[in-house]
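# Breakdown of the fold
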Amino acid sequence: MPVDVRIVEVGPRDGLQNEKTLVSTADKIELIDRLSATGLRSIEATSFVSPKWVPQLADAAEVYAGIERRPGIAYPVLVPNETGYDRARAAGVAEIAVFTAASEAFNRTNINASIAESLQRFTPVLDRARADGVRVRGYVSTVLGCPYQGAVPVADVVRVARALHEMGCYEISLGDTIGVGTPAAARAMLRAVAAEVPMPALAVHFHDTWGQALANVLACLEEGVAVIDSAVSGAGGCPYAKGASGNVASEDVVYMLHGMGVRTGIDLDRLAETGNWLASKLGRASGSKVGQALAAR
Ligand code: HMG
Ligand code: MG
């Protein structure tokens with residue numbers, strides 16, 4: 001079990017990208033600024049993907065320009081191709097995340113490319129990022145199951161994670177996009193990837209569709225992973241993953257970690273306040289049990 005864990009807060013991106021009602025640019029900026037005051041060190045701010053594919057995040061440049069970028073906090077953004085990289089750089093972005101999947105069928109639906117094509121698209125992006133001093137994170141989706149293909153062989157996850165790492169991604173986030181995994185499968189998958197990519201370069205990213213996310217996080221912590229992706233109020237979902245629902249709630253992860261004596265540097269009360277504020281903006285109850293429990297006190 002690690003002593004320190006870094007939470008990568010993906011609420012402003014993964015949390016909002018699947019919202020049907022447009023969230024205002026001002027609210028997106030306020031969400032990130034509030035998160036910046038909680039002690040988080042990584043906040044995924046938005047996506048420079050095609051606005052035709054994800055209309056909710058069409059205001060990526062305005063959001064990035066409007067947030068207060070605090071020293072010591074990374075504000076990565078999703079970039080699918082060179083067009084996205086150009087837009088992100090024009091906005092002043094200093095860290096990006098590229099994303100592909102372990103399943104061909106999901107990749108085709110999500111980014112209109114095969115796995116091999118997606119990796120090819122990333123090559124010039126990674127080259128330019130290296131030259132520009134931009135840090136690059138890499139995502140592998142559908143690591144424990146695919147909505148279109150079903151089972152995903154662990155060997156495919158390992159192959160794609162290794163490819164992203166070899167291309168120069170400093171960290172690879174392993175995503176259970178549709179939240180179907182259970183702890184033993186999550187542990188086995190992580191162990192197999194960690195045999196090829198060093199554990200300090202790995203992160204885990206669980207969605208809670210089947211109620212397994214926190215259990216999966218714990219199993220992976222016990223394997224030694226020290227970077228966890230999560231979203232305040234358990235917001236989240238991928239518009240191109242049928243049936244995917246929210247990310248594991250950041251508040252729930254932080255409460256569990258602090259309860260086990262693991263440091264995050266995060267002020268849980270402030271984080272929960274932010275999660276509850278976001279839930280109220282989205283017009284629903286918080287998807288975080290901890291957020292609900294703190295609000296009821
Ligand atoms: P395409 O249609 O194959 O691309 O989409 P294209 O190159 O043919 O371009 C089509 C049009 O989009 C063109 O405009 C381009 O200029 C424009 P037109 O000529 O028709 O006017 N375009 C762009 N505009 C702005 N920014 C860009 C951009 N690229 C092209 N970057 C593409 C391919 C990759 C662009 C598209 O499929 C896409 O944007 N997909 C994004 C899907 C997405 O964001 N999914 C959710 C994120 S992944 C996720 O949630 C999983 C994760 O959380 C981990 C997990 O849970 O597993 C990360
Ligand atoms: Mg996700």
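The structure presented is a predicted model; accordingly, all values stated were derived computationally and were not measured.

This brings us to the nonpolar core. Ranked by size, the top nonpolar core spans 94 residues in total, and within it V140, V157 and L174 carry the most contacts. When residues of this core are assigned to their parent elements, the largest contribution, 6 residues, is made by helix α7 (residues 154–167). Discounting residues that sit within four places of it in the chain, V140 has contacts with T100, A101, A102, V157, V160, A161, L164, I172, L174 and G175.

Before going further, it helps to spend a moment on the site of ligand 1. The environment of ligand 1 is made up of 28 residues, and the closest members are V49, G84, S141, G175 and T177. Breaking the shell around ligand 1 down by element, the ones donating at least two residues are α1 (11–17), α4 (82–90), α5 (104–111) and β6 (135–141). With 3 residues, α4 is the largest single contributor of residues to the shell around ligand 1. Residue composition of the shell around ligand 1, by class: 12 nonpolar, 13 polar and 3 charged.

The next point concerns the UniProt feature "domain: Pyruvate carboxyltransferase" (unreviewed entry) in the chain. Under the present numbering, the feature "domain: Pyruvate carboxyltransferase" (unreviewed entry) in UniProt falls on residues 5–272. Summarising residues 5–272: 42% helix, 15% strand, and an end-to-end C-alpha distance of 18 Å.

In spatial order, the strands read β2-β1-β9-β8-β7-β6-β5-β4-β3; together these 9 strands make up an open sheet with parallel pairing. Of all the strands in the sheet, just β2 (42–43) and β3 (46–47) have a single pairing partner and so form its edges. Two elements, strand β4 (residues 77–78) and strand β5 (residues 95–101), share 2 bridges in a ladder whose sense is parallel. If you follow L78 over to β5, its bridge partner there is A97.

Turning our attention to helix α8 (residues 183–194). Every α-helix winds through 3.6 residues per turn, so residues three or four apart in the chain are directed the same way. Here α8 is 12 residues long and its end C-alpha atoms lie 16 Å apart, about the 16 Å a rise of 1.5 Å per residue gives. Taken together, the buried positions of α8 are occupied by A186, M189, L190, V193 and A194. Buried residues of α8, seen end-on, are gathered within an arc of 130 degrees and therefore sit on one face of the element. Those residues of α8 that are buried are in contact with α7, β7 (171–176), β8 (202–206) and α9 (213–223).

Turning our eyes to something else, we now look at the environment of R13. Looking at where R13 falls in the secondary structure, it is placed in helix α1. Residue R13 is classed as buried on the basis of its C-beta count, with 27 C-beta atoms lying within 10 Å. C-alpha of R13 to C-alpha of A90: the two residues are 77 residues apart in sequence and 19 Å apart in space. Residue contacts for R13: discarding those within four places in its chain leaves E44, A45, T46, S47 and L78.

Cut-offs and rules
Residues numbered from 1 in each chain as written. Chains lettered and ligands numbered in written order. Predicted model: local features only at pLDDT ≥ 70, side-chain atom pairs only at ≥ 80, totals over all residues. Core = buried A, V, L, I, M, F, W, Y, C linked by C-beta atoms within 7 Å. Buried ≥ 20, exposed ≤ 12 C-beta atoms within 10 Å, placed from the backbone. Helix = DSSP H or I, 4+ residues; strand = E, 2+ residues; numbered from the N terminus. Contact = placed C-beta atoms within 7 Å. Near = placed C-beta within 6 Å. Nonpolar A, V, L, I, M, F, W, Y, C, P; charged D, E, K, R; others polar. UniProt positions renumbered as here; feature names shortened; annotations may be inferred. Pairing = 2+ DSSP bridges. Expected span 1.5 Å × (residues − 1). Arc of directions from axis to C-beta.

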